[in-house]
Amino acid sequence: MTYEFFTPLSGIIHCQCATCRKANGSAFSSVAEGSTADFKFTGAEHQGSFESYHGEHRQFCSNCGTQVYVQRRGKKRVILRLGSLNVTLNANEFAHAWTSHLVVWFDLEGDLPRHAAGMRYYARGEDVEYDISSKKWG
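These figures come from a predicted structure and were not determined experimentally.

Student: Which residues make up the pairing of strand β3 (residues 29–35), and what are the values?
Tutor: In terms of burial, β3 is a largely internal element, 5 of the 7 residues being buried. Of the pairings in the sheet, the one linking strand β2 (residues 10–15) to β3 comprises 4 bridges and is antiparallel in character. Residue pairing for β3: S10 is matched across the bridge by E33. Of the pairings in the sheet, the one linking β3 to strand β8 (residues 77–81) comprises 5 bridges and is antiparallel in character.

So this is what it looks like as structure tokens:
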């Protein structure tokens, strides 16, 4: 399943609502809206859909399971799941939404170490843990 937008996307929102968290299996979902008239997808044979709540249909790729976009009944806009992109998006973050739904294990203001690549040994058994005071894995 592939898709394209014919106009620029803008206004990236990081949504922490319970519905987005559960649908994406993560602390939040990064999204941007665009007009349905400017959105085209191909590969409909691989398109799956489910209604997450009344009138909101989440479209996903049935090959890999990636959630691609949300279409609300009666609306002329789609909500694109930015994690599904394979290209760089030239848009700015706009806001965090539904912060009242933040999970306790995600710190929005986080001061965690940042790594340019994966952390190979971060969770290899009970003897590996993160020391908050030293900000190191041990």
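Student: How would you explain the packing of aromatic side chains if you had to name every residue and give the values?
Tutor: For the coordinates displayed, the defined rule picks out 5 aromatic pairs. Taken together, a centroid distance of 4.9 Å and an interplanar angle of 45° make the contact between F5 and F39 tilted. Note that F5 is positioned in strand β1 (residues 2–5) and F39 in strand β4 (residues 39–42), a separation of 34 residues in sequence. Considered together, F5 and F39 belong to a single accessibility category, that of buried residues. A ring pair is formed by F28 and F106, whose centres lie 5.3 Å apart and whose planes are at 50°; its orientation type is tilted. Here F28, found in the loop between α1 (18–24) and β3, pairs with F106, found in the loop between β9 (93–97) and β10 (130–131); they are 78 residues apart in sequence, far enough to count as distant. The exposure class assigned to F106 is partly exposed, which follows from its relative accessible area of 25%. Aromatic rings pair up to connect Y3, F5, F39 and Y69 into one cluster.

Student: Describe the confidence of the model for the protein, listing the residues and the values that go with them.
Tutor: On average, residues of the protein carry a pLDDT of 80, and 85% of them reach 70 or more. Across the protein, β9 holds the top mean pLDDT of 90, while strand β11 (residues 136–137) sits lowest at 55.

Student: Before we move on, could you go through the nonpolar core and cite the residues and values that matter?
Tutor: F5, L9, I12, A32, F39, V68, Y69, V78, L80, L82 and A91 together form the largest nonpolar core, which totals 11 residues. Elements that contribute at least two residues to this core include exactly β7 (67–72) and β8. Not counting the four nearest positions on each side in its chain, A91 is found in contact with L9, S10 and I12.

Student: So, the side chain of Q67: which residues are in play, and what are the values?
Tutor: One can find Q67 in strand β7. Residue classification places Q67 among the buried positions, given a relative accessible area of 7%. Not counting residues within four places of it along the chain, the set of residues in contact with Q67 comprises A23, N24, R58, Q59, F60, R81 and S84.

Student: Can you break down the pattern of salt bridges residue by residue, with the values?
Tutor: Scanning the entire structure with this criterion turns up 4 salt bridges. For E56, the salt bridge identified is with R58, shortest N-O distance 2.9 Å. Judged by its relative accessible area of 1%, R58 is buried. When salt bridges that share partners are traced, they join E56, R58 and R72 into one network.

How each quantity is defined
- Residues numbered from 1 in each chain as written.
- Predicted model: local features only at pLDDT ≥ 70, side-chain atom pairs only at ≥ 80, totals over all residues.
- Heavy atoms only, no water.
- Buried < 20%, exposed > 50% of the residue type's maximum accessible area, 1.4 Å probe, protein only.
- Helix = DSSP H or I, 4+ residues; strand = E, 2+ residues; numbered from the N terminus.
- Pairing = 2+ DSSP bridges.
- Phe/Tyr/Trp six-rings, centres within 6.5 Å; stacked < 30°, edge-to-face > 60°.
- pLDDT = per-residue confidence, 0-100.
- Core = buried A, V, L, I, M, F, W, Y, C linked by side-chain atoms within 4.5 Å.
- Contact = heavy atoms within 4.5 Å.
- Salt bridge = Lys/Arg side-chain N within 4 Å of Asp/Glu carboxyl O.

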